[in-house]
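Letter by letter, the chains look like this.
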Amino acid sequence: MSDRHPTTAARLNVYIQGQGFPILGLHGHPGTGRSLSVFTNHLSKRYQTIAPDLRGYGKSRWNGNFDMTDHLTDLETLLDRLNIEKCLVLGWSLGGILAMELALRLPERVTGLILVATAAKPRGSHPSITWQDNLYTGIAALLNYIKPSWRWNIETFGKRSLFRYLVQQHTSTTYKYIAKEAVPAYLQTSPAATRALYSAIQSGYNRIPELPQIQCPSLVLAGNQDRHITSDSSRETAQHLQNSQWQCYSNTAHLFPWEVPQQVLNDIDHWLEEHPQVIGIQ
């Protein structure tokens, strides 16, 4: 990501919960600020969570094409608008990449990073997709939206659809999150947002060489069966960050916070206790 040209900041739709030290939550693709509820509903009990819809996602509509770097301009403008001098940043997938970019761009404002299913040099191991994969995924998503966590649907279509690469644990909890947050987010993701992401990926995105510049503490979390951004590429990111802790969850994939939510939240709580400086306690 390099700033090729000045851009006008989009006024982002944002969901704010709780009070206390600010935690900026950045969703993935497709996604919205609401997609982070597994984190924000918990963290907002003690902190202020700020979860925007990124440009071209959710209710942050944008006409015309844009670059990935434009997200960073939007986020810096959002922090200024909310008078946030310092914040902890939590990012899932694409959101994790933007979190690292923010830490490189605004080192004095980012106190720490929680990086979820992401990498500075993302690599996937996703098999080629068949027409049957797409068909079953569409049926599974539609039926799950109408009747969340319907066991017959999970067994008949869910486990044969592309969900089998996104999750390993086909539980009712996981499918409730998919129904409530993944499907609406998918429907609200603009073609321009998709183009911006794929353009960055095709250019060979790699920020590994710059990672040693990030001095703040980081927690890097991964699912060991993630096919979208492999756990190996997440571990490589953790190894190049100066002050990082790495955690990998067995029998989970890219949506692991929806598979083992309590385990993930417990690990985040423990890390926050061990690194009070990231929440403004010296």
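Above this text sits the structure in question.
Residues numbered from 1 in each chain as written. Predicted model: local features only at pLDDT ≥ 70, side-chain atom pairs only at ≥ 80, totals over all residues. Heavy atoms only, no water.

**Q** Just checking my understanding: could you explain the sheet that holds strand β6 (residues 218–223) for this structure?
**A** The strands making up a sheet associate through backbone hydrogen bonding, with each pair oriented either parallel or antiparallel. If you trace the 7 strands from one edge of the open sheet to the other, you get β1-β3-β2-β4-β5-β6-β7, paired in mixed fashion. Strands at the two margins of the open sheet, each flanked by one partner only, are β1 (14–17) and β7 (244–249). Adjacent strand axes in the sheet meet at a mean angle of 15° when their direction is disregarded. Bridging between strand β4 (residues 87–92) and strand β5 (residues 110–116) involves 6 bridges; their strand directions are parallel. From the neighbouring strand, L90 faces β5, where its bridge partner is I114. Along the sheet, helix α9 (residues 231–240) contacts β6 and β7; its crossing angle with β7, the most-contacted strand, is approximately 165°. (Pairing = 2+ DSSP bridges. Helix = DSSP H or I, 4+ residues; strand = E, 2+ residues; numbered from the N terminus. Axes fitted to C-alpha atoms, helices over the stretch in contact; angles between N-to-C directions. Contact = heavy atoms within 4.5 Å.)

**Q** What is the right way to read helix α8 (residues 191–202) from this model?
**A** Along an α-helix, residues three or four positions apart point the same way, because every turn accommodates 3.6 residues. Compared with the 16 Å implied by 1.5 Å per residue over 12 residues, the 16 Å span of α8 between its first and last C-alpha is a close match. Residues A192, A193, A196, L197 and A200 constitute the buried set of α8. The buried residues of α8 occupy an angular sector of 140° when projected down its axis, which confines them to one face. More than 90 degrees from the buried face of α8, the exposed residues found are P191 and Q202. Considering only its buried residues, α8 is in contact with α3 (94–105). Positive phi shows up at G204, right after α8, with a value of about 80°. (Expected span 1.5 Å × (residues − 1). Buried < 20%, exposed > 50% of the residue type's maximum accessible area, 1.4 Å probe, protein only. Arc of directions from axis to C-beta.)

**Q** Got a minute to help me understand the pairing of β5 in this structure?
**A** Two faces make up the sheet, and in a regular strand the side chains alternate between them. When you tally the buried positions in β5, you get 7 out of 7 residues, the bulk of the element. Across 4 bridges, β5 lies against β6 in parallel orientation. Its bridge partner lying in β6, L115 is registered against V220.

**Q** How should the packing of aromatic side chains be read in this particular structure?
**A** Each aromatic ring pair is described using two quantities: the centre-to-centre distance and the angle formed by the ring planes. All chains considered together, the criterion is met by 4 aromatic pairs. Seen from their ring centres, W92 and W258 are 5.4 Å apart, and the 80° between their planes marks the pair as edge-to-face. Here the residue W92 occupies a position in strand β4, and W258 occupies one in helix α10 (residues 256–259), the gap between them amounting to 166 residues. Judged by relative accessible area, W258 falls into the buried class, the value being 3%. With a centroid separation of 5.5 Å and an interplanar angle of 5°, the aromatic rings of Y177 and W258 are classed as stacked. One end of the pair, Y177, is in helix α7 (residues 172–187); the other, W258, is in helix α10, with 81 residues separating them in the sequence. Taking the ring centre of W62 as reference, the NZ or CZ of R55 above it sits at 3.9 Å. The residue whose ring lies beneath R55 is F66, and the NZ or CZ to ring-centre distance is 5.5 Å. (Phe/Tyr/Trp six-rings, centres within 6.5 Å; stacked < 30°, edge-to-face > 60°. Lys NZ or Arg CZ within 6 Å of the ring centre and 35° of its normal.)

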